[in-house]
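# Results of the structural survey
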Amino acid sequence: RDGWRPLFSGKTLDGWAQVNGTAPYTVVDGAIVGTTVVKSPNSFLATKEEFGDFILEYEAKLDAPMNSGVQIRGLSTPSYQNGRVHGYQIEIDPSDRAWTGGLYDEARQGWLHPVYGPEAARKAFKMGQWNTFRVEAVGTSIRSWVNGVPVANVLDDQTAKGFIALQVHSVGDDPAKAGQTVRFRNIRVMTQNLVCHLADRIAGA
């Protein structure tokens, strides 16, 4: 009944392709490392596969206080702003507002669930450490957890299916912000037996 499968082997970027931007993505010590560059729009490394209803888990670490995130049900089509990536994003935000785990709609609706509270949600992310994220996208429901703490809980029917993508945020023209890194590892997804696993989570199993 496990049902999990990895999206990243820990060794290569097979199954992934860059969409938008020029920030490089490399594999280092079993993690995907995205590095900021100047004069680039937001960069995304996207799965070649699309996902509809799923549970997603991954770990993320920031080596510098930069903005990042993970697109879910992401889209890139010629008819929408010349292929600009858009759609739901689980935020990574180490700034003072601390909205990590919130739900942002990239290049479309904007914030769907900013993290104004509770305080436990705003404090769940640990800068400079590995953080575990969980995302449940089932039908119109999107929920997120950071290090086991519930954060976002949204109903939205804009997009039913799309790719998963790792963001390196634009840093504009500031050379001082070049070379900052975000790391992702242990990326896995479940598309089968969702009802059983959701029931286990609700029951506290």
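Since the structure is predicted, the reported quantities are computational estimates derived from the model, not experimental observations.

Once that is clear, we can look at the overall build of the protein. Broken down by element type, the protein carries 2 helices and 15 strands. A compact globule built from 205 residues would reach a C-alpha radius of gyration of about 17 Å, and the protein, at 16 Å, matches this within 12%. Its C-alpha atoms put the protein at 50 × 35 × 35 Å along the principal axes. When each of the 205 residues of the protein is scored for burial, the buried share is 48%. The long-range share in the protein, meaning contacts at least 24 apart out of those at least 6 apart in sequence, stands at 65%.

Our next topic: the nonpolar core. Of all hydrophobic cores here, the largest spans 40 residues; its most connected members are Leu56, Tyr58, Ile72, Leu166, Phe184 and Ile187. Looking at this core, the elements that each hand over two or more residues are strand 6 (54-62), strand 7 (68-75), strand 8 (86-92), strand 11 (131-138), strand 12 (141-146), strand 13 (149-155), strand 14 (163-168) and strand 15 (181-190). A per-element tally of this core places strand 6 first, with 5 residues. For Ile72, the residues in contact, after removing those within four places along its chain, are Phe54, Leu56, Tyr88, Ile90, Val135, Ala137, Ile142 and Phe163. The next biggest cluster of nonpolar side chains, apart from the first, holds 6 residues, and it includes Val19, Phe44, Ala46 and Val85.

This next bit is on the sheet that holds strand 5 (residues 43-47). Across the sheet, 7 strands lie side by side as 2-5-14-7-8-9-10; this open sheet has antiparallel pairing. Only two strands of the sheet have a single neighbouring strand rather than two, namely strand 2 (16-19) and strand 10 (110-113). The average undirected angle you get between the axes of adjacent strands in this sheet is 30 degrees.

Another point: unusual backbone geometry. Between Gly117 and Pro118 the backbone carries a cis peptide bond, its omega angle lying at 0 degrees. Looking at the secondary structure, you find Pro118 in the loop between strand 10 and helix 1 (119-122). Backbone geometry places Asn20, a non-glycine residue, at a positive phi of 70 degrees. The topology assignment puts Asn20 in the loop between strand 2 and strand 3 (25-28). In this structure, Asn147 takes a positive phi of about 50 degrees despite not being glycine. Within the fold, Asn147 resides in the loop between strand 12 and strand 13.

Bridge analysis of strand 3 against strand 4 (residues 31-35) gives 4 bridges, and the strand direction is antiparallel. Bridge pairing in strand 4 links Tyr25 to Gly34.

By the definition in use, this model includes 5 aromatic pairs. On the basis of an interplanar angle of 70 degrees and a centroid distance of 6.2 Å, the ring pair of Phe51 and Phe54 is categorised as edge-to-face. When the ring of Trp99 is compared with that of Trp111, the centres are 4.8 Å apart and the planes differ by 80 degrees; the resulting orientation is edge-to-face. With Trp99 in the loop between strand 8 and strand 9 (103-106) and Trp111 in strand 10, this residue pair connects regions lying 12 residues apart in the sequence. Exposure remark for Trp99: the relative accessible area of 10% places this residue in the buried category. Taken together, the ring pairs connect Trp99, Tyr104, Trp111 and Tyr116 into an aromatic cluster. Above the ring of Tyr88, the side-chain terminus of Arg108 is found at 5.5 Å from the ring centroid.

What follows covers the pattern of salt bridges. Under the criterion given, the structure shown has 10 salt bridges. A salt bridge links Arg134 to Glu57, with the shortest nitrogen-to-oxygen separation between them at 2.9 Å. Of this pair, Arg134 sits in strand 11 while Glu57 sits in strand 6; the two residues are 77 residues apart in sequence, bridging distant segments of the chain. Glu57 shares its class with Arg134; the two are buried. The partner of Arg97 in a salt bridge is Asp93, with the nearest N and O atoms 2.6 Å apart. Ionic contacts of the salt-bridge type, sharing partners, join the residues Glu57, Arg134, Glu136 and Arg188 into one network.

Rules behind the numbers
Residues numbered from 1 in each chain as written. Predicted model: local features only at pLDDT ≥ 70, side-chain atom pairs only at ≥ 80, totals over all residues. Heavy atoms only, no water. Helix = DSSP H or I, 4+ residues; strand = E, 2+ residues; numbered from the N terminus. Rg over C-alpha atoms; globule rule 2.2 N^0.38 Å. Buried < 20%, exposed > 50% of the residue type's maximum accessible area, 1.4 Å probe, protein only. Contact = heavy atoms within 4.5 Å. Core = buried A, V, L, I, M, F, W, Y, C linked by side-chain atoms within 4.5 Å. Pairing = 2+ DSSP bridges. Axes fitted to C-alpha atoms, helices over the stretch in contact; angles between N-to-C directions. Phe/Tyr/Trp six-rings, centres within 6.5 Å; stacked < 30°, edge-to-face > 60°. Lys NZ or Arg CZ within 6 Å of the ring centre and 35° of its normal. Salt bridge = Lys/Arg side-chain N within 4 Å of Asp/Glu carboxyl O.

These results come straight from atomic positions and should not be treated as a statement about function.
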